[in-house]
Number of protein chains: 2
Amino acid sequence: MEPCDAARPGFDRVAGAPPRRLLLPPLLLSLLLGRGLRVAAAASASSGAAAEDSSAMEELATEKEAEESHRQDSVSLLTFILLLTLTILTIWLFKHRRVRFLHETGLAMIYGLIVGVILRYGTPATSGRDKSLSCTQEDRAFSTLLVNVSGKFFEYTLKGEISPGKINSVEQNDMLRKVTFDPEVFFNILLPPIIFHAGYSLKKRHFFRNLGSILAYAFLGTAVSCFIIGNLMYGVVKLMKIMGQLSDKFYYTDCLFFGAIISATDPVTVLAIFNELHADVDLYALLFGESVLNDAVAIVLSSSIVAYQPAGLNTHAFDAAAFFKSVGIFLGIFSGSFTMGAVTGVVTALVTKFTKLHCFPLLETALFFLMSWSTFLLAEACGFTGVVAVLFCGITQAHYTYNNLSVESRSRTKQLFEVLHFLAENFIFSYMGLALFTFQKHVFSPVFIIGAFVAIFLGRAAHIYPLSFFLNLGRRHKIGWNFQHMMMFSGLRGAMAFALAIRDTASYARQMMFTTTLLIVFFTVWIIGGGTTPMLSWLNIRVGVDPDQDPPPNNDSFQVLQGDGPDSARGNRTKQESAWIFRLWYSFDHNYLKPILTHSGPPLTTTLPAWCGLLARCLTSPQVYDNQEPLREEDSDFILTEGDLTLTYGDSTVTANGSSGSHTGSTSLEGSRRTKSSSEEVLERDLGMGDQKVSSRGTRLVFPLEDNA
Amino acid sequence: MEPCDAARPGFDRVAGAPPRRLLLPPLLLSLLLGRGLRVAAAASASSGAAAEDSSAMEELATEKEAEESHRQDSVSLLTFILLLTLTILTIWLFKHRRVRFLHETGLAMIYGLIVGVILRYGTPATSGRDKSLSCTQEDRAFSTLLVNVSGKFFEYTLKGEISPGKINSVEQNDMLRKVTFDPEVFFNILLPPIIFHAGYSLKKRHFFRNLGSILAYAFLGTAVSCFIIGNLMYGVVKLMKIMGQLSDKFYYTDCLFFGAIISATDPVTVLAIFNELHADVDLYALLFGESVLNDAVAIVLSSSIVAYQPAGLNTHAFDAAAFFKSVGIFLGIFSGSFTMGAVTGVVTALVTKFTKLHCFPLLETALFFLMSWSTFLLAEACGFTGVVAVLFCGITQAHYTYNNLSVESRSRTKQLFEVLHFLAENFIFSYMGLALFTFQKHVFSPVFIIGAFVAIFLGRAAHIYPLSFFLNLGRRHKIGWNFQHMMMFSGLRGAMAFALAIRDTASYARQMMFTTTLLIVFFTVWIIGGGTTPMLSWLNIRVGVDPDQDPPPNNDSFQVLQGDGPDSARGNRTKQESAWIFRLWYSFDHNYLKPILTHSGPPLTTTLPAWCGLLARCLTSPQVYDNQEPLREEDSDFILTEGDLTLTYGDSTVTANGSSGSHTGSTSLEGSRRTKSSSEEVLERDLGMGDQKVSSRGTRLVFPLEDNA
């Protein structure tokens, strides 16, 4: 501990002006702190001796101030809630009237913009009310500061650094500061439910059918896009330097960082319209899968670029060692986060399989929620990326745990995360609208902005068309030109790009990037989102498709213009479509993972070698043996039209009917009621989700791979 | 802004020892801040000039530190999540085996205790790692501090005061500090969903039938209990002073404050068993209603007592002006919070009535959630009590809005708040277990603790028995002796008493109260909770009752020992049971409020005077006219057994069947699927909730009141 040095020259620079905050007060948090403070003040007031009159008055003043701050926080949060309420009501009106050119997220941004303008120009600047004090210390910033005020000790915690050049430049406005969140709120509170929901609601069948292409677009595509945008932007920056429009440093790594954050696509608007119009399911799977995975890639890529720090003095030149370290970091963080997510998903699957928790949907739902949240914390605690882990946890939960849940829990978990996702997403978008006017460090640079628009266009073109060409060499279901154009067109930017950009707005370069990202999001969501429906019809993309049906030749008003038609023989579709590596994984998943983690699949006693007999018997669910009936004709039809890809091979799932028979009936009345209508619910929900189905067989998989080999 | 004075005598007192935190770091919040810090440091590292090598190293150190802190936060939160997961799994085992002596909350406390012991005695004290610095200033504590570290500015925010006596006394332990939450987390995040759920799940029929008694117990009872406990404890404190066991001040107002916080009963354990065994519904309504409302009373009462500050020097003597001011504050805050809650509830009801939002359950649920949350913020922004407002909002939502929601939204909202309530409640109880060992300022005073146990026993006896006597004078359904004993026995303390006690632990008196409250909660939850089943059978209280059925004379193994039997004539039950003021309100509610706020009740055109014709036509829902069919025989039976009290008079609700007919079908496939099974769902859900029913009539209410008058 060290004393403060009051006589530092640095201090005089700030003395006259109110300080600027770099990481602005986290609203939710000060909501808590403000109150805590008030009570503390009240407590010390009541415990103080009667004689200390002046100190009591002082404490009352502090209390009043804290109370006032708490009120302001409540008002600010209320502003956002009213914004969301307004958005919900308006979007209802739009849906009601079938207006499709404006998505709810676009609307949330518009309302945010309006409120931002009001806050910016309608509220008075209250610079006089700032309660700050400056204090100088020698060495470095400590995380905790203890201040002695007339014999009483107050504790302060570090908020963050304030760039000295900015301290005097912008006027103070309490309201503007109040509606500005700590950027980490987005990463730690708002993004996880959005990303988890994306993983949990992946339409598995079409996702896995296009897995290879999706992985190619997400990994190769994002990397290509990142480097192309980064290099183009470096050119733009050079140009700006020549034109004298650049007032501060802007390194090559900054350009690459911009390339990484802006490569995270988020076609939420397009996908909503696809969903509503029931557009082609393969295109949907390609777009959705790519956008979900490239979010993960973009996060890890951007933090790898930040971690790129060459040794020696010349910190912004190329350094092979630092480069490979960054690549290593990328691979490490990505695989670590993936493992974390998969492991918690597998643990949840095991727990829900081997307990009879499904008799108590409330407990089951709570457990599901807690386990999914713990993925995030586990990954963060281990130094990986929580958001990425949450994504893979969601996919694992959907693939295994979902099958073990009771019917009620299935709908409960889906609905819970759906609501959380909806609220978080619209919150972020309305915050974006607000930020355009209330964020106080915008750097508008027309050259950079125009350059960025051109760069993202070229960057997307440079990965969609060449990649599609190479993919089409291996694909039987070619990705047609109209699909490629649509994918090119759907390169919207959204919540993830924004969250990555706002995370760090300390330097001039980052502020310029943030402003540009915000404008790109606005433009793409409004213009591209609005143009989706015309584009779909212009590109002749099929709409009105049953998402669980295979494409029939010509069942709607649009003409199918795909490179080749649907397969004639359904039976060997998977063989033809999938790469051998996927088929290997699929066989492993079907023969071992599914039987271990769920109540479905063939008994392990038949798939594992004989010497694992005891283990196999322990791990195999008793339901699997019950389900060993011969395949009926209507089942096979059902599976092919409704079921998961896996069902083509006679996969089986224990249905809720089977499990509800084992209800212990301890909450007797409600239990029996639940059972009554469960069959209807099964039907309804499973139809709604296009998920694994009521079939019940369990045969050793004789895999087409072997015919090939 | 003022410079820091390094040469103050106060500073030397702390210089040698690491500081103690008064308001401990809010875990969730520093989770955010920690990350923010890290990124800020990383940013400044990347934007800094290449030459500043030493400063870059320094920033890297800060970054590492922030990252470490973020990791520790994640680990701490993970601890709680694992605790909850363990609780869920164990409680499943208990429910599975029908073990009833230990409730999930009791179990959560036990696990919390175990982890608390491990953290306390199993982790090393890491006092050497504390990063603090002391700094002295003249006048008063500012809310923001700006620190100049070698030319860079860092912002600090005020955490709270640290009592100087405590600075050197307790060793530092990072882990213990990390698992300690800001007390305001309970009030602003965990309690609201619990309280809202309580209001939203009030069994309306039995609640309203016993409204008078419930209000009497909640208001008079809590006040009586508060003053009796306060006075008894003042005696105990005097005794302790004589015995020399009191080392610091303990005023009369402190005793009253203790009386207020400990008067908040929370018989969650008892009610869970009642629910499971289907114990007598009237007793359930009395206990549940009392506990829900007395939470609200206790909060407002305790803040009124804190606000009691007589003018002049003698701040702890009686002062009539200050007393009446406190009474005024009580009435003001209570009625203000009540109004806030009711108003947002009414607004939500109007919005859901006059829009067709029920076609989009997701939007509807999101709106419902946002409006309910806004109640809390609105009340806090206006200086009222958010938790109290949320309670009344919940009741209003259940009474009006619930009827306007779509079937899916009804179950969604119920399930959403059920999960939130479950998680929050078990979180609080496991935190309580943890706090017994990790809280670092316990004051164990055996005399005070024994005195408190005696006082709460006497305090409860002194309000249950006399009040029941007076209530029985006016009640037709007398509250029997066995009911009175059961109510006396069910005086458990829980989450609310804990949250009120932990809110302020600054002074010696408050610390002693906190420790005592914690022990009272432990004792009552474990011992009384465990003794509920034996007590029920010992007191001959009926179990196995259909909650929606009226008490039949002898339908189970227990003998009915109530003062008088069930009414012979069902028709005039309400007349006999309810006081005239309730009947007046009921008539107003039925004739005007229900028709305005919901799709049910008689058309306003028949109940409002003729000159309001236009207004009445605008406000009356078209469904009301459609519903004007004659009352069928099976309906009336149905109503009497299943419906709300109001249905006795031919009230009507628009059912989901009616409303699902008006689905616009824009999400065509899912929409039609939903409609398919909606009738089953209606049945199932309505049976489960004992709520308003499928009957449809709307007649002008000819009220029995008029026969009486």
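Our subject is the structure that appears above.
Nothing here was measured: the structure is a model prediction, and the numbers come from that model.

Undergrad: Got a minute to help me understand the overall build of chain A in this structure?
TA: For chain A, the count of helices and strands is 30 helices and three strands. Within chain A, buried positions represent 63% of all 709 residues. Sequence-distant contacts, at least 24 apart, represent 81% of the contacts inside chain A between residues at least 6 apart. If you sum the accessible surface of chain A, you get close to 25,000 Å²; carbon and sulfur atoms cover 65% of it.

Undergrad: Looking at this structure, I do not really get the packing of aromatic side chains. What am I missing?
TA: Each aromatic ring pair is characterised by the separation of its centres together with the angle its planes make. Residues and elements named next belong to chain A. In the structure shown here, the tally under the stated rule is 65 aromatic pairs over all chains. Here the aromatic rings of F219 and F334 are separated by 5.1 Å at their centres, their planes lie at 70°, and the arrangement is edge-to-face. Placement of the pair is F219 in helix α8 (residues 211-243) and F334 in helix α12 (residues 320-354), with a sequence separation of 115 residues. The partly exposed category is assigned to F219, whose relative accessible area is 29%.

Undergrad: How should unusual backbone geometry be read in this particular structure?
TA: Note on backbone geometry: most residues besides glycine have negative phi, and most peptide bonds are trans. Non-glycine residue H278(A) carries a positive phi angle of around 50°. Secondary-structure assignment places H278(A) in the loop between α10 (268-277) and α11 (281-307).

Undergrad: Looking at this structure, I do not really get α11(A). What am I missing?
TA: Along an α-helix, a turn takes 3.6 residues, which lines up residues three or four apart on a common side. Under the 1.5 Å per step criterion, the end-to-end length of α11(A) is 39 Å for 27 residues, consistent within 8% with the ideal 39 Å. When you tally the buried positions in α11(A), you get 24 out of 27 residues, the bulk of the element.

Undergrad: I keep staring at the nonpolar core and nothing clicks. Help me out?
TA: Across soluble globular proteins, nonpolar side chains show a tendency to be buried alongside one another. Counting residues in hydrophobic clusters, the biggest one holds 312 residues, and the most contacted among them are F258(A), M486(A), F258(B) and M486(B). When sequence neighbours within four positions are dropped, the list of residues in contact with M486(B) reads V270(B), F274(B), L283(B), T532(B), M535(B), L536(B), L539(B) and I541(B).

Undergrad: How should the pattern of salt bridges be read in this particular structure?
TA: Two side chains with opposite charge may pair up if their charged atoms get near one another. Tallying each qualifying case throughout the model produces twelve salt bridges over all chains. For R460(B), the salt bridge goes to E290(B), with nearest N and O atoms at 3.2 Å. Of this pair, R460(B) sits in helix α16 (residues 446-474) while E290(B) sits in helix α11 (residues 281-307); the two residues are 170 residues apart in sequence, bridging distant segments of the chain. Note on accessibility: R460(B) and E290(B) belong to one class, buried. Several salt bridges converge on common partners, so that one network encompasses D254(A), D504(A) and R510(A).

Undergrad: Help me understand the environment of D295(A), please; the structure alone is not making it clear to me.
TA: Residues and elements named next belong to chain A. Mapping D295 onto the fold places it in helix α11. Overall, D295 belongs to the buried group, its relative accessible area being 9%. D295 sits 183 residues away from G112 along the chain, and the two C-alpha atoms are 24 Å apart. Beyond its immediate chain neighbours, meaning those up to four positions away, D295 contacts I195, A264, T265 and M496.

What counts and what doesn't
- Residues numbered from 1 in each chain as written.
- Chains lettered and ligands numbered in written order.
- Predicted model: local features only at pLDDT ≥ 70, side-chain atom pairs only at ≥ 80, totals over all residues.
- Heavy atoms only, no water.
- Helix = DSSP H or I, 4+ residues; strand = E, 2+ residues; numbered from the N terminus.
- Buried < 20%, exposed > 50% of the residue type's maximum accessible area, 1.4 Å probe, protein only.
- Contact = heavy atoms within 4.5 Å.
- Areas by Shrake-Rupley, 256 points an atom, 1.4 Å probe, with all protein chains shown as cover.
- Phe/Tyr/Trp six-rings, centres within 6.5 Å; stacked < 30°, edge-to-face > 60°.
- Expected span 1.5 Å × (residues − 1).
- Core = buried A, V, L, I, M, F, W, Y, C linked by side-chain atoms within 4.5 Å.
- Salt bridge = Lys/Arg side-chain N within 4 Å of Asp/Glu carboxyl O.

So, to be careful, I would describe these as geometric facts and stop short of saying anything about function.
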